[in-house]
Every structure is written in C-alpha cells, then in structure tokens.
Amino acid sequence: MVTQKDSLVVSDVDSSQDSLTLIYNGILYDQTNAATWFSRDSIIANYTLMEAMELKSIINDKDLNKLMMNEMPNTDVQLKDVAALKNVWKYSSHVFGYIPTSSSGSGLVALTDAHAISADKSLIGSRVKVTLDRLVVMDYPGNGEHSVLMDFYAKNQLATQTEHVHFNQVYRIMEGQEAGISGYPVFVGLNVGKEGVEFKCYTVNVENKNDKMLVQFLEGDIFKSGLQLLNQVNPITPVLSDFSKGFTQAIANRHKNIPVQDIFLGLDFTETTTRPKMAEGSYVVVQVDHANAWDWSQWVFNRANGQLVSQVDSRTGPQFNYFIFSISKME
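Presented here is a report on the structure given in the accompanying data block. (Residues numbered from 1 in each chain as written. Predicted model: local features only at pLDDT ≥ 70, side-chain atom pairs only at ≥ 80, totals over all residues. Heavy atoms only, no water.)

### Points about the overall build of the protein chain
Counted only if it meets this: Numbering of helices and strands runs from the N terminus; a helix is a DSSP stretch of H or I covering at least four residues, while a strand is a stretch of E covering at least two. Whether two residues are in contact is decided by their heavy atoms, any of which lying within 4.5 Å being enough. Residue-level accessible areas treat just the shown protein chains as cover; the underlying method is Shrake-Rupley with a 1.4 Å probe.
Counting secondary structure elements, the protein chain contains six helices and 16 strands. Taking as baseline every contact in the protein chain between residues at least 6 positions apart, the subset at least 24 positions apart corresponds to 78%. With the model as given, the accessible surface of the protein chain reaches about 14700 Å², and the carbon-plus-sulfur share is 48%.

Right, dumping it as structure tokens:
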C-alpha cells in the first residue's frame, strides 16, 4: 500500500491503512489499464441536448435554458454544434502554443505555435520536471467557485520498458479567474525517450457535493510534490497510475460531475512540420471554437506580472479556458 509522506514517491510501499489506501480498496477504485484513456464522447462538448436537459440545473446557462423552453427539432444534436450556445465549455478543439525559456526580468515574450519551434535533441535520454504553471477557468458549467479535477498522463520511458503514469489533483477556481498556483509539480524525473514524450490531460468539473468532499484528500501534502519517478522499473508505479486513472474515471461518471477538456499532445524530436516539438520551456493549451482562426502572434507573455495578454491590449487576456505547463531539464 502507499504510505503518506512528504511527497508521493513511487518507491514507498507499506501495509498501513491510510486515507489513500482506503479509497484504493473502496468502491471508487476502478481497476483499469493506465495506458488507455477516457472516452472522447464523455466531455460536455459531445453531450446531446437531451443529456444537457438532465443537467440544466448544474449547467445553469440562460441560453441553454431558453433552448429547453422552446421546441427542439433534434434533441440528439451535440452541444458543440448548437450555434445558439456561446459558452467556452462547449468547445472541443484546443490549440498549443509555446513560450521559450528566457532570462529573468520584465518585458513581453512572444508566443509561437508548438508545431513551429525547433526540437531540443539534448533532452533525449534526460529526466525532466513537468509543472502546472497556470490554470484559468473563464467559463465552466455552472458559476461561482469550481472544483476542477485534472488527470495528467505521460509515458515514462525507461531503458527496458515504458511506464504509463497518471497523476491527478483538484484545484478550486472562481469563474473567470485562475487557480492560485504557479510551478505546481506534476511529474518529477520523467524519463524522455528518443521518440519524445506524450502528454494527455483530462479535466472534470466536480459538482456532486459528496465528491467535492472526497476529492479534498488530493489537496493533502502527499500530493503537493507531484509524482516522483525513478529511472528504473518500479512495480508500484502501475498500481498508482491505475488508481489515479480509475479515480478520475469514477468521479467523471458520477451524477452532476461534468468532464470539460480532453487533450493529447505528442512532443517529438523530428523536423516534421505537422508535429509539435519537444523543448524546454512552457506550453500553453487553449480551449477554442475554431483552431484554424487562432493566431499566436496576437498574444504575448508578460514577465512583469506573469500573465498571458493580448499583443494589442496588455490588460486583456484570452477569454477562453486555458492552462500552461512547463518542461525543464533536471541535473
């Protein structure tokens, strides 16, 4: 079993019965394969109007409520295809930007599409630290304070095999604001293979009152140092990863909880134009309606206040849900 210590180190195995163990042995744990991912159909963008009707008290959107009051020609249409809804949470597309590493100080840093940068081949065979640096909720279902459960996935590429690792955490965020975090550890010591790294992220808006109390254990000190990975095969890693994925899957499937974002980002070392590249720096993931209309040159990172802002108006940030994670090489 896993022992609660200062950080979640995957080499610690013990028979003690702590809170994490009890949940692991309880009904919320869904034995699964950490290499698999969540159903793409589960995010709210793919809900039908009929399914949304059952959750209208949670979604609490005036445009959606107006639709419900009128005769709907087709209640099987997916929310992402309902033009009358302008909500950010109904989008299923994401764009991926990149902020290069730079010296300290004030000033504006230009953003680039993650497909357009040069890969850093010195990272092959290295170990890296992955941190969550920003999490902004401009528009999630409901209003007020949101409890956002995030499941992070990556491939830990060891010399003899690949480990599929998951780490999840819950963040409390007011609508239209960002989580009070910066440099939050996710994976510490992730091994990078010659093919690059695969990242996935899945978010769930937790509205079930009982589940809100349950996910509080993720805010404990055991999780605040991220998932500490080794550079050798560790038999407990699949257990922890299965638990993390199973926990998220169970929460996502509970009544009133709504999955919102589902992203996949494969970073490699080739010069293939259509692939995003692996490098040290920060990656920006924005949930948008039309990816082909997005222009990264219109946005900059303001080092003076640590905010992503418009090139034209430094007081304005993207009116979309987005998060920023960074990759740095470990010595």
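Here the narrative resumes, following the displayed structure.
### Remarks on the nonpolar core
Here is the rule: In this text, buried Ala, Val, Leu, Ile, Met, Phe, Trp, Tyr and Cys residues form a nonpolar core when linked through side-chain atoms within 4.5 Å. The cut-offs for exposure are 20% and 50% of the maximum accessible area for each residue type, with area from a 1.4 Å probe on protein chains only; residues under the lower value are buried, those over the upper are exposed, and the others partly exposed.
Leu132, Tyr171, Phe187 and Tyr283 are the most contacted members of the largest nonpolar core, which has 54 residues in total. Leu111, Val286, Trp294 and Tyr322 belong to the second largest nonpolar core, which has 19 residues in total.

### Considering the pairing of strand β15 (residues 307–310)
For clarity, the cut-off: Pairing between strands requires that DSSP locate at least two bridges from one strand to the other.
Note that strand β14 (residues 299–302) and β15 share four bridges and pair antiparallel. Of the residues in β15, the one forming a bridge with asparagine 302 is glutamine 307.

### Considerations on the packing of aromatic side chains
We count it as follows: Put simply, two rings from Phe, Tyr or Trp (the six-membered ring, in Trp's case) pair if the centres are within 6.5 Å, and we call them stacked under 30 degrees between planes, edge-to-face over 60, tilted for the rest. Geometrically, a lysine NZ or arginine CZ counts as sitting over a ring once it is within 6 Å of the ring centre and also within 35 degrees of the ring normal.
By the definition in use, this model includes eight aromatic pairs. Taken together, a centroid distance of 5.5 Å and an interplanar angle of 85° make the contact between tyrosine 171 and tyrosine 184 edge-to-face. With a gap of 13 residues between them, tyrosine 171 in strand β7 (residues 162–174) and tyrosine 184 in strand β9 (residues 184–191) connect regions that are remote in the sequence. Across the pair, tyrosine 184 and tyrosine 171 agree in class, each one buried. Members of the aromatic cluster, each reached through a chain of ring pairs, are Tyr91, Trp294, Trp296, Trp299 and Phe320. The ring centre of tyrosine 153 lies 5.0 Å from the NZ or CZ of lysine 200, which sits over that ring.

### Section: the sheet that holds β7
The following threshold applies: Helix axes use the C-alpha atoms of the stretch in contact, all axes being lines fitted to C-alpha atoms, and the angles between their N-to-C directions lie in the range 0 to 180 degrees.
If you trace the four strands from one edge of the open sheet to the other, you get β7-β6-β10-β12, paired in antiparallel fashion. Across the chains shown, the open sheet's two edge strands, defined by having one partner strand only, are β7 and β12 (258–267). Strand-to-strand twist of the sheet, defined as the mean angle between neighbouring strand axes without regard to direction, takes the value 15°. Where strand β10 (residues 197–206) lies against β12, nine bridges are found, and the strand directions are antiparallel. In the strand pairing of β12, valine 197 is matched with leucine 267.

### Here we look at the environment of valine 88
Secondary-structure assignment places valine 88 in the loop between α4 (62–69) and β2 (93–100). Assessed through its relative accessible area of 8%, valine 88 is described here as buried. For the pair valine 88 and valine 288, spaced 200 residues apart in sequence, the C-alpha separation works out to 7.2 Å. Excluding its chain neighbours within four sequence positions, the residues that come into contact with valine 88 are Asp139, Gln287, Gln319, Phe320 and Asn321.

### Describing the environment of valine 148
With respect to the helices and strands, valine 148 occurs in strand β6 (residues 145–157). On the basis of relative accessibility, which here comes to 0%, the residue valine 148 falls in the buried class. When the C-alpha atoms of valine 148 and alanine 179 are compared, they prove to be 9.6 Å apart, with 31 residues separating the residues in sequence. Setting aside anything within four residues of it in sequence, one finds valine 148 in contact with Val137, Tyr140, Gln169, Val170, Tyr171, Ile173, Thr203 and Val204.

### Let's talk about the sheet that holds β15
Here three strands make up an open sheet; going across it, the order is β3-β14-β15 and the pairing antiparallel. Because the sheet does not close on itself, it has two edges, and the strands there are β3 (108–110) and β15. Between one strand and the next, the sheet's axes are offset by a mean angle of 40°, whatever the strand orientation.

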